[in-house]
Amino acid sequence: MSIEQKINTLRQELRTHNYNYYVLDNPTISDYEFDIKLKELQALEEAHPEFFDANSPTLRVGGEVTKNFKTVVHKHRMYSLDNSYSLEDLKDWETRIKKMVDGPVEYVCELKYDGASINLTYQNGSLYKAVTRGDGTQGDEVTANIKTINSVPLQLKGDYPEAFEIRGEIILPYEGFIKMNEERIANGEEPYKNPRNTASGSLKLQDSAEVAKRPLDCLLYGLVGGDFDYKTHFESLEKARQMGFKVPNQIKLCQTIDDVFKFITHWDTARHNLPYETDGVVVKVNNLHQQDELGFTSKAPRWAMAYKFKAEQVSTVLNTITYQVGRTGAITPVANLEPVELAGTIVKRASLHNADQIEKLDIREGDTVFVEKGGEIIPKIIAVNFEKRPANSQPTQYITNCPECNTLLIREEGEAKHFCPNYNGCNPQIIGRIQHFISRKAMDIEGLGGETVALLVNAGLIHNYADLYDLTKAQVLPLERMAEKSADNLIAGIEASKQIPFERVLFALGIRFVGETVAKTLAKHYKSIDALSFASVLDLEQVNEIGIRIAESVVDFFSDLKNQQIINKLKSKGLQLEISADKLASQTDKLKGQTIVVSGVFHSVSRTELKKLIEDNGGKVSSSISSKTSYIVAGDNMGPSKKDKAEQLNIPLLSEDDFLKSIKS
Ligand code: AMP
Ligand code: ZN
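Since the structure is predicted, the reported quantities are computational estimates derived from the model, not experimental observations.

Caption draft 1: Structural detail: the pairing of strand 13 (residues 331-342). Across the twelve residues that make up strand 13, a large majority, nine, are buried. Adjacent in sequence and paired antiparallel, strand 12 (residues 313-325) and strand 13 are bridged by five residues, among which Gly329 carries a positive phi angle near 90°. Bridge count between strand 13 and strand 14 (residues 345-351): six bridges; the pairing is antiparallel. Residue Leu342 lies in a different strand from strand 14, and its bridge partner there is Thr345. Between strand 13 and strand 14, which pair antiparallel and follow one another directly, the connecting turn spans two residues, one of which, Ala343, has a positive phi of 45°.

Caption draft 2: Expanded view of the environment of Asp636. Here Asp636 is to be found in the loop between strand 19 (631-634) and helix 24 (640-648). Each C-alpha atom, one on Asp636 and one on Ser655, is 9.1 Å from the other, the two residues being 19 residues apart in sequence. The contacts of Asp636, once residues within four sequence positions are left out, are Gly600, Val601 and His603.

Caption draft 3: Looking closely at the packing of aromatic side chains. Summed over the entire model, instances satisfying the criterion amount to 16 aromatic pairs. Measuring from ring centre to ring centre gives 4.2 Å for Tyr79 and Phe296, while their planes differ by 20°; the resulting arrangement is stacked. Separated by 217 residues along the polypeptide, Tyr79 in the loop between strand 1 (71-73) and strand 2 (83-84) and Phe296 in the loop between helix 10 (288-294) and strand 11 (304-308) bring together distant segments of the chain. Ring centres 4.4 Å apart and planes at 10° place the aromatic pair Phe437 and Tyr465 in the stacked group. With Phe437 in helix 12 (residues 427-438) and Tyr465 in the loop between helix 13 (450-458) and helix 14 (473-476), this pair connects stretches of sequence that are 28 residues apart. As far as burial versus exposure is concerned, Phe437 and Tyr465 are alike and both buried. Linked through ring pairs, Tyr122, Phe164, Phe228, Tyr230 and Phe245 together constitute an aromatic cluster. The ring of Tyr192 carries the charged tip of Arg184 above its face, separated from the ring centre by 4.1 Å. Directly above the ring of Phe513 sits Arg549, whose terminal nitrogen or CZ lies 3.8 Å from the centroid.

Caption draft 4: Spatial organisation of the coordination of the zinc ion (ligand 2). Surrounding the zinc ion (ligand 2) are the protein donor atoms Cys402 (SG), Cys405 (SG), Cys420 (SG) and Cys426 (SG), which sit 2.2 to 2.3 Å from the metal. Around the zinc ion (ligand 2) sit four donor atoms, and with donor-metal-donor angles ranging over 100 to 113° the site reads as tetrahedral. On the primary sequence, the residues serving as donors to the zinc ion (ligand 2) are separated as C-x2-C-x14-C-x5-C. You can see Cys402 sitting in the loop between strand 16 (380-384) and helix 12 and its partner Cys426 sitting in the loop between strand 16 and helix 12, a full 24 residues away along the chain. With respect to class, Cys402 is no different from Cys426; both count as buried.

Caption draft 5: Molecular detail of the pairing of strand 15 (residues 368-372). With respect to burial, strand 15 is a largely interior element, four of its five residues being buried. With five bridges joining them, strand 12 and strand 15 adopt antiparallel strand pairing. Within strand 15, the residue paired with Val314 across the bridge is Val371.

Caption draft 6: Representation of helix 8 (residues 233-242). Restricting attention to buried positions, one finds in helix 8 the residues His233, Ser236, Leu237, Lys239 and Ala240. Viewed end-on, helix 8 has its buried residues packed into an arc of 155°, placing them on one side of the element. Buried residues in helix 8 make contact with strand 3 (107-113), strand 7 (163-171), strand 8 (217-224), strand 10 (278-285) and helix 10. Looking at the residues trailing helix 8, positive phi occurs at Gly244, about 110°.

Caption draft 7: Broad picture of the site of ligand 1. Taken together, the neighbourhood of ligand 1 is formed by 13 residues, with Ser80, Glu110, Arg133, Glu169 and Lys284 sitting nearest. The contact in question runs from a nitrogen atom of ligand 1 to an N or O atom on the side chain of Glu110, over 2.9 Å. Notes on ligand 1: free accessible area 500 Å², of which the protein chains cover 86%. Listed by contribution, the elements that provide at least two residues to the shell around ligand 1 are strand 3 and strand 10. Sorting elements by how many residues they give to the shell around ligand 1 places strand 3 first, with four residues. Per-class residue counts for the shell around ligand 1 are five nonpolar, two polar and six charged.

Caption draft 8: A look at the sheet that holds strand 4 (residues 116-123). Read across the open sheet, the four strands follow the order 5-4-7-8; overall the sheet is antiparallel. Where the open sheet ends on each side, the last strands, each with one partner, are strand 5 (126-132) and strand 8. Sheet twist, expressed as the mean angle between neighbouring strand axes with direction ignored, is 30°. Summarising the sheet, strand 7 and strand 8 pair through seven bridges and their orientation is antiparallel. Following the sheet pairing, Ile166 is matched in strand 8 by Leu223. The strands touched by helix 8 within the sheet are strand 7 and strand 8, with strand 8 carrying the most contacts at an inclination of about 130°.

Criteria and thresholds
- Residues numbered from 1 in each chain as written.
- Chains lettered and ligands numbered in written order.
- Predicted model: local features only at pLDDT ≥ 70, side-chain atom pairs only at ≥ 80, totals over all residues.
- Heavy atoms only, no water.
- Buried < 20%, exposed > 50% of the residue type's maximum accessible area, 1.4 Å probe, protein only.
- Helix = DSSP H or I, 4+ residues; strand = E, 2+ residues; numbered from the N terminus.
- Pairing = 2+ DSSP bridges.
- Contact = heavy atoms within 4.5 Å.
- Phe/Tyr/Trp six-rings, centres within 6.5 Å; stacked < 30°, edge-to-face > 60°.
- Lys NZ or Arg CZ within 6 Å of the ring centre and 35° of its normal.
- Donors = N, O, S within 2.8 Å, 3.2 Å for Na, K, Ca; no water.
- Tetrahedral: all angles 85-135°; square planar, octahedral: opposite > 155°, others 65-115°.
- Arc of directions from axis to C-beta.
- Near = heavy atom within 4 Å.
- Polar contact = N/O pair within 3.5 Å; in protein donor to acceptor, adjacent residues only side chain to side chain.
- Areas by Shrake-Rupley, 256 points an atom, 1.4 Å probe, with all protein chains shown as cover.
- Nonpolar A, V, L, I, M, F, W, Y, C, P; charged D, E, K, R; others polar.
- Axes fitted to C-alpha atoms, helices over the stretch in contact; angles between N-to-C directions.

Below is the structure:
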């Protein structure tokens with residue numbers, strides 16, 4: 001098989017697996033096998049840039065950065081939809097339609113997916129352009145970002161017209177949304193409000209690699225243009241499926257408006273079991289000829305009608321407002337409600353977000369309030385029923401002092417939330433920080449859970465995470481639900497955590513804005529906690545991917561005397577506060593200042609190992625040859641275009657063996 005054939009076969013295989021996994025939800029190989037094939041393709045493509053394909057499955061990971069999105073005029077305007085709220089509204093619509101068209105009218109019911117609309121253009125079976133709805137007449141071109149969404153086919157299956165457009169909704173399923181928020185909270189960042197805004201915000205991120213990390217999905221609902229031979233909307237959706245698009249299964253062909261209403265009534269409650277948000281049903285006239293006859297108003301098609309689900313809402317009494325203190329000291333006001341059923345669950349509490357929100361809605365204790373479960377996972381209060389306000393009601397006085405430690409709260413310029421600045425003396429902050437320290441992605445201390453941490457702190461046995469390393473079995477045994485065996489496990493778990501590598505210890509410290517990735521970057525750059533603690537803001541900002549916000553937070557952390565004491569204690573207890581000797585031994589400055597390109601196929605080391613070697617020795621790996629390239633480590637089958645470029649720019653080639661010798665010497 002020629003290289004080109006091999007590349008094409010791999011691309012085709014990966015496309016099929018991708019389709020099975022993301023569109024059909026029915027994977028046929030393991031993730032591991034998929035990765036192996038993907039890596040193989042990546043290696044071949046890198047070695048053979050002449051076979052580049054903008055729609056290769058390897059490009060799903062993103063990397064393209066767009067500073068300003070290009071405005072594109074829609075070939076076919078992206079209309080809005082008219083809304084209806086009752087069976088009567090729908091019947092009125094039916095009467096209007098029947099006056100305008102001949103013969104019986106059939107309807108297709110689809111769910112109204114709640115995300116951001118997108119228009120995809122395909123040419124010769126490849127994704128050519130993706131544009132947001134914008135104002136309906138023109139939108140932003142976000143192709144690079146859309147390409148990273150796995151359920152969007154980059155290359156179609158079966159037969160397809162030369163050119164056509166298809167419309168759909170970019171959504172963020174609940175599961176992914178919740179996971180993203182867990183990570184944000186773990187990093188001390190504000191969680192996102194709801195999946196819809198997060199999805200539409202994602203489309204406008206400048207770095208497509210960031211978009212690739214978000215578990216977005218794309219659900220399609222309408223073909224536009226193109227030379228198709230189907231006669232109905234229902235058939236067109238089937239056609240879209242055959243070409244490889246993800247068209248949800250909850251679609252129904254109905255003969256009467258009463259049937260339409262049955263569909264609506266069913267999904268009004270059943271939608272709560274779907275993995276993503278929906279906010280209504282869209283009813284469309286099935287016959288495309290009839291659609292043409294009906295046409296558009298200035299705002300919406302006459303052949304379609306949205307039915308908006310009523311966001312489930314109940315009214316209940318707000319008993320008290322209390323205030324929670326988070327790990328970062330952020331204060332969240334919480335409404336404690338008279339328990340009430342809402343969308344299938346009993347609701348007792350609702351988030352009030354911040355002081356402004358309370359003031360804006362004039363929410364007071366004793367009020368009867370309307371509670372809604374919208375996109376947010378936690379229900380929210382949307383209004384007060386002023387008619388039911390008790391006569392003796394008093395406006396809510398937002399707290400001025402921390403409910404836990406009584407310290408005067410601060411509210412920084414531009415921040416919506418109040419903060420308790422008592423970093424070292426405020427219990428929930430202390431407990432939260434230790435809970436973060438022991439969590440799975442940080443020190444992963446087996447045998448110790450979040451509740452035990454609270455018990456230990458409240459019993460006065462520990463005051464910070466360094467104190468964990470002083471604990472003895474005799475001290476923990478008297479704690480609630482602590483048996484002989486669990487006490488042993490706890491102590492053993494703490495001991496074992498001394499082997500956790502530096503980068504994870506750094507993450508565990510809970511420095512604001514220092515998440516897992518940032519911790520890795522800092523560990524690699526500074527190599528030890530000592531070096532990091534001496535770094536200035538200016539210094540930190542020189543490190544790739546470190547901005548002013550992170551830099552200031554790091555400097556703040558290390559300038560705190562108490563933190564310095566804690567770190568000294570961790571050091572004396574034997575935690576890994578620098579990159580391990582093995583790792584360090586393999587690291588040198590030999591390639592400092594060198595920018596190196598790796599190209600071709602290698603024998604004694606893999607491409608990834610080679611890149612790691614370059615980085616470990618202080619060099620920088622670049623994927624493209626330019627005048628800044630110091631030299632190229634060239635393996636077999638280096639692509640001819642790379643060779644030409646190297647020759648043109650007079651850039652030396654080094655063989656694999658010579659390179660390895662040079663760094664060993
Ligand atoms: P609106 O934004 O309320 O005017 O509603 C129109 C929007 O609904 C369109 O721009 C689509 O993005 C969205 N939508 C969601 N699901 C569907 C669907 N099944 N059919 C048509 N439009 C839909
Ligand atoms: Zn406090």
